[in-house]
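Spelled out from the first residue to the last, the chains are:
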Amino acid sequence: MLKVTALQKIYNGGASAVEAVRDLTFELAEGELVCLVGPSGCGKTTLLKCIAGLMPPTSGTVELAGDSVTAPPPDMAVVFQEYGRSLFAWMSVRANVELPLKEKKLPKERRRELVAQSLEAVGLTAFADSYPWQLSGGMQQRVAIARAVAYEPKVLLMDEPFAAVDAQTRADLEDLIRNIWQRLGVTVLFVTHDIDEAVYLGERVLVLSSSPTVVQDDITVDLPAERDQLTTRQDERFTELRARVYAQIQQAKNSAAPAAAH
Amino acid sequence: MSQPTHTTERPAVQAPAHPPKPRRPMPLAARILLRTAHVLLLPAVLIGLYAYSTATSGSYYTPTPGLIADAFAELWFSERLLVDVIPSLIRLLTGFTIAAVTGVCLGVVLGVSKGVRATLEPVLEFLRAIPPPVLIPLMILLVGIDDSMKILVIVSGCVWPVLLNTVEGVRAVDPVLADTARCYGLRTTTRLRVLVLRSASPQIMAGLRLALALAIILMVISEMFASSSGLGFAIVQFQRTFAIPEMWAGMVLLGLVGFALTAVFGLVEGRVLRWYRGLRAANRGE
Ligand SMILES: Nc1ncnc2c1ncn2[C@@H]1O[C@H](COP(=O)(O)OP(=O)(O)OP(=O)(O)O)[C@@H](O)[C@H]1O
Ligand SMILES: [Mg+2]
């Protein structure tokens, strides 16, 4: 479904060139939910932007269902890390969620239904007529999530989408994402810095090394499909996987230390 | 989530049960009354001071407010309204509108395209440096002395603040928001309408406000040359014929016109930029 081959990205901003991503190769099967973890600054956002067709890679390719991605493909939704800046400040919450649906030319009835459902799912029904700047950071983040969900994409890219919400809301949203994923069969690539979250959510966890970035490890999460915040997190297998991801990230950080020293 | 059993790393976001309601501190009538008093206080004091000084000095060139008011009523509530005032206002608004549309359209093109900007910028910088009044002699030769000359003068001055502010606003569109629009497949027209123009609207409105003030000035100046009607013409004529109270009445009318136009503009701006005020207030933590 989604195939990233030998992806490299070098930013040529001004005097110095920054190699954000060196050589990434991985693949997502259709309907897979994969979590991406890696140290801060290792190029997760860069990778996501290349996949979304927002930025051309320096070399390497991104293929979606066999087609090379050079512009934002249809049926792909992205929740940006800078959630606050990704909302239209001059539009109400409802209008923000509805805008992409209007552009898809969905009939009014269907639009209303999707907007209501997705706002309900993120717990913002009462705020449909508020403006984004009247909401807290975590609520704004949920609006961005609702917009992506209402869009009914085939591929969903999320860049640390729960960074600004409290633990309880976070747990609810994690279950929401799994629920949507199971219900709609979307392919999800989910960036997080939270190891527990990666293991809890994903069917697979990709660990990126620190810059210059390569795929450090690819861990299959063999937990049962039905997950539960209490029992899954107490599962012995969960603890094992968590420890493994943790070790890999530690290694990713340490292996980069000599490179960063000079 | 009020029970303290659940400790979280971050402070939990406490969502209020209802969206914030707009505040309603006072009944509307009282508010209007208070505001009017507020607005009228200083003018009343200034007029009083002027009345006092003219009554004591009695100069021919500074007639008392009473004389000016008489002249005002006699002049402007007569057919002069149709001959001088209305045509002036029509030229003013036509020029302003043409400048606004041209400035915004050109500004969007320039703001979006780096190539066009690089090509046109030197020429535009040069044209902008020419003070519009010096174009009047040329325009009289080219288009004659009728309305179109005066409108052209207004346009040639007003277009710049709109253009430059629009370019700036368009260039400042948030890249994350632009990426969002691309991801969700917004078409060019939608992108212009809901992304570019809206996010540049604070700058565009600032440009339009400047343009409006300029338009009034240029309207008067263009009417002082080779003209036979209009407010500018009338004021110069009164001055030349030593009709001093009438000259003052013309100035007062110009002031009132400017005040009224700015007030109307402020109302429109308030509506268009409601979100922007809210956003700024929210960022300041109000
Ligand atoms: N526009 C840019 N120009 C130049 N360098 C950039 C640009 N964007 C990112 N970088 C650099 O590329 C590297 C990777 O950045 P990126 O934002 O992809 O990291 P990230 O993994 O998403 O980090 P975080 O977890 O903190 O969000 C960083 O070293 C950053 O400085
Ligand atoms: Mg990032």
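**Q** Break down the overall build of chain B for me, citing the residues and quoting the values.
**A** When its secondary structure is counted, chain B shows eleven helices and zero strands. Ordered by position in the sequence, the α and β elements of chain B form the string α-α-α-α-α-α-α-α-α-α-α. Rg of the C-alpha trace for chain B: 25 Å, well past the compact-globule value of 19 Å for 286 residues, more than 25% over. Each principal axis of the C-alpha atoms in chain B carries an extent, and together these give about 85 × 55 × 30 Å. Relative to all contacts within chain B whose residues are 6 or more apart in sequence, the contacts with residues 24 or more apart total 73%. About 17,000 Å² of surface is accessible on chain B, with carbon and sulfur atoms providing 69% of the total.

**Q** Describe the interface of chain B and chain A, and please don't skip the residues or the numbers.
**A** With 33 residues of chain B at the contact, the number on the chain A side is 39 residues. Surface buried jointly by chain B and chain A totals about 3,200 Å² across both partners, of which 64% is contributed by carbon and sulfur atoms. In this structure, the connection of chain B to chain A is made through two salt bridges. Where B:D174 meets A:R85, a salt bridge forms, and the shortest distance between an N and an O atom there is 2.8 Å. Summed over the shared surface of chain B and chain A, the number is five residue pairs in polar contact (both at pLDDT 80 or more). When residues of the side of chain B that touches chain A are traced back to their parent elements, those giving at least two are α7 (175-183), α8 (188-224) and α11 (274-284) of chain B. At seven residues, the largest contribution of residues to the side of chain B that touches chain A is made by α7(B). For the side of chain B that touches chain A, a count of residues per class yields 18 nonpolar, eight polar and seven charged.

**Q** Describe in detail the site of ligand 1, supporting the description with residues and values.
**A** Residue and element names in this part refer to chain A. Contacts to ligand 1 come from Y11, A20, S40, G41, C42, G43, K44, T45, T46, Q81 and E160. At a separation of 2.8 Å, an oxygen atom of ligand 1 approaches a polar side-chain atom of Q81. If ligand 1 stood free it would expose 640 Å²; the protein chains cover 62% of that surface. Classifying every residue of the shell around ligand 1 gives three nonpolar, six polar and two charged.

**Q** If you had to explain the side chain of A:Q8 to someone new, which residues and values would you point to?
**A** Residues and elements named next belong to chain A. By the element assignment, Q8 lies in strand β1 (residues 2-11). Since its relative accessible area comes to 18%, Q8 is described here as buried. A polar contact is formed between the side chain of Q8 and the side chain of E19, at a distance of 2.9 Å. Not counting the four nearest positions on each side in its chain, Q8 is found in contact with E19, V21, R22, P57, T58 and S59.

**Q** Describe the domain arrangement of chain A, listing the residues and the values that go with them.
**A** Residue and element names in this part refer to chain A. What the domain assignment reports for chain A is domain 1 (1-43 + 51-75 + 153-262) and domain 2 (81-152). Summing both sides of the interface, domain 1 and domain 2 together bury roughly 1,200 Å²; the carbon and sulfur share of this comes to 66%. Sorting the residues of domain 1 by area buried against domain 2 places P153, A164 and L176 first, and these three jointly supply 32% of that buried surface. Inspection of the region where domain 1 meets domain 2 yields zero salt bridges. Our count for the domain 1 to domain 2 interface comes out at three residue pairs in polar contact (both at pLDDT 80 or more). Going through the elements one at a time, β7 (155-159) and α5 (167-184) are the ones with two or more residues in the side of domain 1 that touches domain 2. The element that contributes the greatest number of residues to the side of domain 1 that touches domain 2 is α5, accounting for four residues.

**Q** Talk me through the sheet that holds strand β9 (residues 204-208) of chain A; I want residue IDs and the actual numbers.
**A** Residue and element names in this part refer to chain A. Here ten strands make up an open sheet; going across it, the order is β5-β4-β1-β2-β10-β9-β3-β8-β7-β6 and the pairing mixed. Of all the strands in the sheet, just β5 (67-68) and β6 (76-79) have a single pairing partner and so form its edges. Sheet topology places strand β4 (residues 59-64) next to β5; two bridges connect them, and they run antiparallel. The residue bridging L64 from the neighbouring strand is D67, located in β5. With respect to the sheet, helix α4 (residues 137-150) is in contact with β6 and β7, its orientation differing from that of β6 by roughly 175°.

**Q** Help me get a handle on the pattern of salt bridges, residues and values and all.
**A** Per the stated rule, a full pass over the model turns up 28 salt bridges over all chains. For A:E113, the salt bridge goes to A:R110, with nearest N and O atoms at 3.4 Å. Separated by three residues within a single helix, A:E113 and A:R110 lie in helix α3 (residues 108-121), roughly one turn from each other. A:E113 gets classed as partly exposed once you look at its relative accessible area, which sits at 40%. For A:R110, a relative accessible area of 28% translates into the label partly exposed. Notably, a salt bridge pairs B:E125 with B:R128, separated by 3.3 Å at the nearest N-O pair.

**Q** I'd like a rundown of the side chain of A:N96, residues and numbers included.
**A** Residues and elements named next belong to chain A. By the secondary structure assignment, N96 is in helix α2 (residues 93-103). At 3.2 Å, the side chain of N96 and the backbone oxygen of M91 are in polar contact. Those residues within four positions of N96 in sequence are excluded, and the remaining contacts are L87, F88, M91, P132 and R147.

Parameters and conventions
- Residues numbered from 1 in each chain as written.
- Chains lettered and ligands numbered in written order.
- Predicted model: local features only at pLDDT ≥ 70, side-chain atom pairs only at ≥ 80, totals over all residues.
- Heavy atoms only, no water.
- Helix = DSSP H or I, 4+ residues; strand = E, 2+ residues; numbered from the N terminus.
- Rg over C-alpha atoms; globule rule 2.2 N^0.38 Å.
- Contact = heavy atoms within 4.5 Å.
- Areas by Shrake-Rupley, 256 points an atom, 1.4 Å probe, with all protein chains shown as cover.
- Buried area = accessible area lost by both parts, 1.4 Å probe.
- Salt bridge = Lys/Arg side-chain N within 4 Å of Asp/Glu carboxyl O.
- Polar contact = N/O pair within 3.5 Å; in protein donor to acceptor, adjacent residues only side chain to side chain.
- Nonpolar A, V, L, I, M, F, W, Y, C, P; charged D, E, K, R; others polar.
- Near = heavy atom within 4 Å.
- Buried < 20%, exposed > 50% of the residue type's maximum accessible area, 1.4 Å probe, protein only.
- Domains from an automatic or database assignment.
- Pairing = 2+ DSSP bridges.
- Axes fitted to C-alpha atoms, helices over the stretch in contact; angles between N-to-C directions.

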